[in-house]
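# Coordinate analysis (summary)
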Amino acid sequence: MNPEDITTVKSLLSQPQKIAIIPHKNPDGDAMGAALAVYAFLKDKGHEANVISPNDYPKFLKWMPGNDDVVNFERENQKAQQLLQEANLIFTLDFNDLSRVGQMETALKEASADFIMIDHHQQPGDYAKVTYSDVSMSSTCEMVYNFIDFLGETDNITKAIATNLYTGIMTDTGSFKYRSTSSKTHRVVAELIDKGAENMEIHQHVFDTNSPSRLHLLGVALSNMVILSEYRTAYITLTQDELDAHDYKKGDTEGFVNYGLTLENIVFALIFIENREEGIIKISLRSVGDFSVNEFARAHFNGGGHTNAAGGRSDLSMDETVARFQEILTNYKSELNP
Ligand code: 5GP
Ligand code: MN
């Protein structure tokens, strides 16, 4: 953050404000961690703050401090709309384009509040009065720690704030192993542990809550995996029928896409998941090395994200989507085999 923006934020927060805090649609650990940390921080400072989630999120995140206060835009629409209209400040966290909030987009565009964006994705939009964007960061949660540091307020990091920030850094770094995990990330995480984040409990809350049906669904996903060795690519499909047969709940497919990358010589992994209700195939893309799934998702599947992790969607059927993908892939043979 540049010094001018820090001054602007300090001045915006110098008196009690009505503040809405927004994670992206289908929020993950980083989005919810950042939102709930900012929420606790602002409330402690005497602001009237609310986290408004565009839609529901997985059960493995619902233990986080402040979770019970989250307003769900889909379920509590009137309340959410009112909070957005009344807000004079809106934080958008872990996304950088208003299209990433789904149905909430119109309400955000009509809001009269000043926006503060904190985000680590590529190609940020320009809707915010203060944009703190850094694609080198491991996570938005690491940036929220920096944000509090820029304000000179790390002494005010409570156990609740530390727990939320730890959760987001942990989930977005694949438990501190992705390339964006820096020595600074580890220093921040160490600080968070000193401030009360209970690392072992947090790992258990997020990762050790499997249901038998989810593990069986993972079995289906792994046996559906197609390996295209000449493209160093592996992809998984899951149809709505397969999800339904395994009592699918939001978040159950989290992490499935990563299995493809554990294969030797595979650098590009995808999962195609049918969502009959929305009439789309949701696509998650991952890579190791220089192959940019952000560019790939942007160019072909109406999505984006980071170089090594991105998402997108297709409005075609599963079979058509996969056929189209395989055709597109033929243009990437040399890029995938440098
Ligand atoms: P996931 O595959 O876990 O849903 O998302 C991977 C990364 O890509 C995350 O950083 C997420 O924010 C981003 N992402 C997921 N879906 C989309 C999308 O539809 N558009 C854009 N721009 N980014 C996405
Ligand atoms: Mn993130």
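Scroll up to find the structure this text is about.
Definitions and limits used
In this numbering scheme, every chain counts its residues from 1 along its sequence in written order. A letter from A marks each chain and a number from 1 marks each ligand, given out in the order of writing. Note on the predicted model: pLDDT of at least 70 is required for a residue's local features to be given, and 80 or more for side-chain atom pairs to be given and counted; whole-chain, interface and lining totals, by contrast, use all residues. With hydrogens and water set aside, each side-chain value is computed from the structure's full complement of heavy atoms. In DSSP terms, a helix is any run of H or I states spanning at least four residues, a strand is any run of E spanning at least two, and both are numbered starting from the N terminus. C-alpha atoms define the radius of gyration, and 2.2 Å times the number of residues to the power 0.38 defines the globule rule. Between buried and exposed lies partly exposed: a residue is buried under 20% and exposed over 50% of the maximum accessible area for its type, with that area taken using a 1.4 Å probe on protein chains only. Reported accessibility uses the Shrake-Rupley method at a 1.4 Å probe radius. Residues are deemed covered only where the shown protein chains occlude them. Whether a residue is near a molecule or strand is decided by its heavy atoms; if any one of them lies within 4 Å of it, the residue is near. Classes in brief: Ala, Val, Leu, Ile, Met, Phe, Trp, Tyr, Cys and Pro nonpolar; Asp, Glu, Lys and Arg charged; the others, Gly included, polar. Think of it this way: DSSP has to see at least two bridges between two strands before they count as a pair. A contact between two residues is defined here by any heavy atoms of the two lying within 4.5 Å. Axis geometry follows a simple rule: fit a line to the C-alpha atoms, using only the stretch in contact for helices, then measure angles between N-to-C directions, giving values from 0 to 180 degrees. Coordination here is defined by N, O and S atoms within 2.8 Å of the metal (3.2 Å for Na, K and Ca), and since water is not considered, a site can look incomplete. Only Phe, Tyr and Trp rings are paired, with Trp represented by its six-membered ring, and only when their centres lie within 6.5 Å; those with planes under 30 degrees apart are stacked, over 60 edge-to-face, the remainder tilted. Only when the NZ of Lys or the CZ of Arg is both within 6 Å of the ring centre and within 35 degrees of the ring normal is a charge said to sit over the ring.

Turning our attention to the overall build of the protein. If you tally the helices and strands in the protein, you get 13 helices and 12 strands. A compact globule built from 338 residues would reach a C-alpha radius of gyration of about 20 Å, and the protein, at 20 Å, matches this within 12%. Judged by the C-alpha coordinates and their principal axes, the protein covers about 60 × 45 × 40 Å. Looking at the 338 residues of the protein, the share that counts as buried comes to 52%. Carbon and sulfur atoms provide 46% of the accessible area of the protein, an area that totals close to 15400 Å².

Let's shift gears to the site of ligand 1. Residues in close proximity to ligand 1 include Arg 100, His 121, Lys 282, Ser 284, Arg 286, Gly 303, Gly 304, Gly 305, His 306, Ala 309, Ala 310 and Gly 311, which together make up its full environment. Bound to the protein, ligand 1 loses 78% of the 500 Å² it would expose on its own. Sorting the residues of the shell around ligand 1 by element identifies strand E10 (280–287), strand E11 (304–305) and strand E12 (309–314) as the ones contributing at least two each. Classifying every residue of the shell around ligand 1 by side-chain character gives 2 nonpolar, 7 polar and 3 charged.

This part covers the sheet that holds strand E2 (residues 48–53). Strand order in the open sheet made by the 6 strands is E3-E2-E1-E4-E5-E6, with parallel pairing throughout. Single-partner strands in this sheet number two, and they are strand E3 (71–72) and strand E6 (130–133). Strands strand E4 (89–93), strand E5 (114–119) and E6 of the sheet are contacted by helix H1 (residues 3–12), whose axis makes an angle of about 125 degrees with E6. Seen against the sheet, helix H2 (residues 29–44) touches strand E1 (18–23), E2 and E4 and runs at an angle of roughly 165 degrees to E1.

What follows is about the coordination of the manganese ion (ligand 2). Distances from the manganese ion (ligand 2) to its protein donors, namely Asp 30 (OD), Asp 94 (OD), His 120 (NE2) and Asp 172 (OD), fall within the range 2.2 to 2.4 Å. Looking at Asp 94, the relative accessible area reads 1%, which means it is buried. Classification of Asp 172 as buried rests on a relative accessible area of 18%.

Using the criterion set out here, one finds 15 aromatic pairs in the structure. A ring pair is formed by Tyr 132 and Phe 150, whose centres lie 5.6 Å apart and whose planes are at 70 degrees; its orientation type is edge-to-face. With Tyr 132 in strand E6 and Phe 150 in helix H5 (residues 140–150), this pair connects stretches of sequence that are 18 residues apart. On the basis of relative accessibility, which here comes to 30%, the residue Phe 150 falls in the partly exposed class. Relative to Phe 272, the ring of Tyr 235 has its centre 5.8 Å away and its plane inclined at 85 degrees; by these criteria the two rings are edge-to-face. Note that Tyr 235 is positioned in strand E8 (residues 233–238) and Phe 272 in strand E9 (residues 268–275), a separation of 37 residues in sequence. A single burial state applies to Tyr 235 and to Phe 272, both of which are buried. Between the NZ or CZ atom of Lys 62 and the centre of the ring of Tyr 57, over which it lies, the distance is 5.2 Å. Against the face of Tyr 231 rests Lys 333, its NZ or CZ located 5.7 Å from the ring centre.

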